[in-house]
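# Structural overview for review
Residue strings, one per chain:
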Amino acid sequence: MSTGHGAGNGGRGIEVRHLRAFLAVADEGSVTRAAARLRVSQPVVSRTLAALERHLGARLVDRSTHHLALTAEGVAFRDKAAAAVGAFAEAVDPGRLRHWPLRLGHAWSAFGPYTTPLLRTWQQRDPGTPLELLRIDDRTAGLTRGEVDAALLRGPVDTPGLVTEVLFTETRVAAVASDGPLAARTSLRLADLTDGAVVLNTVSGATTLGLWPPHARPAATFTVANTDDWLTAIAAGRGSGVSGASTAQMHPHAGVTYVPLDDAPPLPVLLARRDGPGHPALPRLAALAREIVARGRRTSPGDSPADGNATAPPRRTGGSPRR
């Protein structure tokens with residue numbers, strides 16, 4: 001399959017192999033690994049990728065670092081390329097498209113109490129489309145970098161180019177050192193955390209100083225880059241933290257005690273995708289996620305960290321501050 005004549009490609013059209021080479025590089029983050037995956041030489045992959053970029057008149061891959069990364073144009077083109085390759089595969093072999101993995105990212109806590117039901121039900125209903133749950137430590141769990149097809153995110157997301165849907169909200173909890181004075185409390189207020197430092201995950205976390213009123217913010221902050229370091233810092237007495245109730249379930253730690261916060265606003269849990277063509281199974285994933293949440297509320301309304309709010313219709317992101 002060819003697009004016809006491309007002026008920037010010496011008159012030769014772009015073929016499926018160009019798209020497959022680009023997708024392999026995007027998935028592997030390396031020309032070497034992409035070549036091994038495609039069973040061709042590295043120069044072939046490099047030339048094929050360069051021909052595609054010339055044809056499009058845009059740089060798709062940033063080659064300035066050892067680990068290749070997609071440019072903004074590359075991220076936007078990835079879904080289109082994947083859809084085109086998938087459509088071609090379906091046309092010549094309808095069974096192949098069902099085995100295109102659906103990559104679901106998260107930065108921490110995944111789908112909370114609904115994680116296992118989601119994965120099990122998907123496997124039962126759609127065994128031909130693998131659902132890969134990937135933890136990626138950035139604010140959009142790899143979604144804006146093209147590393148996943150959809151992501152489970154927490155808190156308001158203001159990244160342009162995404163479509164988000166609130167699936168449920170959960171109460172917030174304080175995370176404190178288990179041997180500290182706050183661990184014995186049955187509940188806490190945000191003001192109880194301001195005398196000491198607050199540990200903030202500034203890379204993938206949803207908590208910022210905006211959670212506190214300007215006149216009553218914590219005395220100090222200690223910043224980390226992921227959930228593991230966040231837990232370690234709290235256990236070591238560097239400060240306390242704030243997170244969603246699912247964190248207590250999904251990330252238990254011997255040195256950390258989770259205490260309910262009485263006055264913190266609930267934390268929305270979102271399903272996000274890029275605004276544009278995507279994996280053909282995304283509508284089924286969104287529908288199943290809604291179904292799992294609704295089922296959980298019917299069967300154990302008192303045991304879930306969710307507050308029972310109904311799902312909201314999808315919306316395009318842009319502009320709201322994180323709290």
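Just so you know, these numbers come straight off a predicted model, no measurement behind them. (Residues numbered from 1 in each chain as written. Predicted model: local features only at pLDDT ≥ 70, side-chain atom pairs only at ≥ 80, totals over all residues. Heavy atoms only, no water.)

### Things to note about helix H2 (residues 31-38)
Those residues of H2 that fall on the buried side of the exposure criterion are Val31, Ala34 and Ala35. Taken end-on, H2 shows its buried residues confined to a sector of 100°, consistent with a single buried face. The inward-facing, buried residues of H2 abut helix H1 (16-28) and helix H3 (42-56). N-capping of H2 is provided by serine 30, with a side-chain oxygen placed 3.2 Å from the backbone N of threonine 32. (Buried < 20%, exposed > 50% of the residue type's maximum accessible area, 1.4 Å probe, protein only. Helix = DSSP H or I, 4+ residues; strand = E, 2+ residues; numbered from the N terminus. Arc of directions from axis to C-beta. Contact = heavy atoms within 4.5 Å. Polar contact = N/O pair within 3.5 Å; in protein donor to acceptor, adjacent residues only side chain to side chain.)

### Side note on the confidence of the model for the chain
Of the residues in the chain, 85% have a pLDDT of 70 or more, and the chain-wide mean is 86. Here residues 4-11 is modelled with pLDDT under 50, and outside its nearest four sequence neighbours on either side it reaches 15 contacts, counting other chains as well. (pLDDT = per-residue confidence, 0-100.)

### Looking at the side chain of aspartate 149
Topologically, aspartate 149 is positioned in the loop between strand S4 (131-135) and strand S5 (150-154). Not counting the four nearest positions on each side in its chain, aspartate 149 is found in contact with Pro101, Leu102, Arg103, Leu143, Arg273, Arg274, His279 and Leu282.

### Considerations on the sheet that holds strand S7 (residues 172-177)
Spatially, S10-S7-S11 is the arrangement adopted by the three strands of the open sheet, whose pairing is antiparallel. Because the sheet does not close on itself, it has two edges, and the strands there are strand S10 (241-244) and strand S11 (256-260). Neighbour-to-neighbour, the strand axes of this sheet turn through a mean angle of 35°, independent of strand direction. The pairing of S7 with S10 spans four bridges and is classified as antiparallel. When the sheet's bridge partners are listed, arginine 172 is paired in S10 with glycine 244. (Pairing = 2+ DSSP bridges. Axes fitted to C-alpha atoms, helices over the stretch in contact; angles between N-to-C directions.)

### A look at the environment of alanine 235
For alanine 235, the location among the structural elements is in helix H7 (residues 227-235). According to the relative accessible area criterion, alanine 235 is partly exposed, its value standing at 25%. Spatially, the C-alpha atoms of alanine 235 and alanine 254 are 8.1 Å apart, while their sequence positions differ by 19 residues. Once residues within four sequence positions are removed from consideration, alanine 235 is found in contact with Ala177, His253, Gly255 and Val256.

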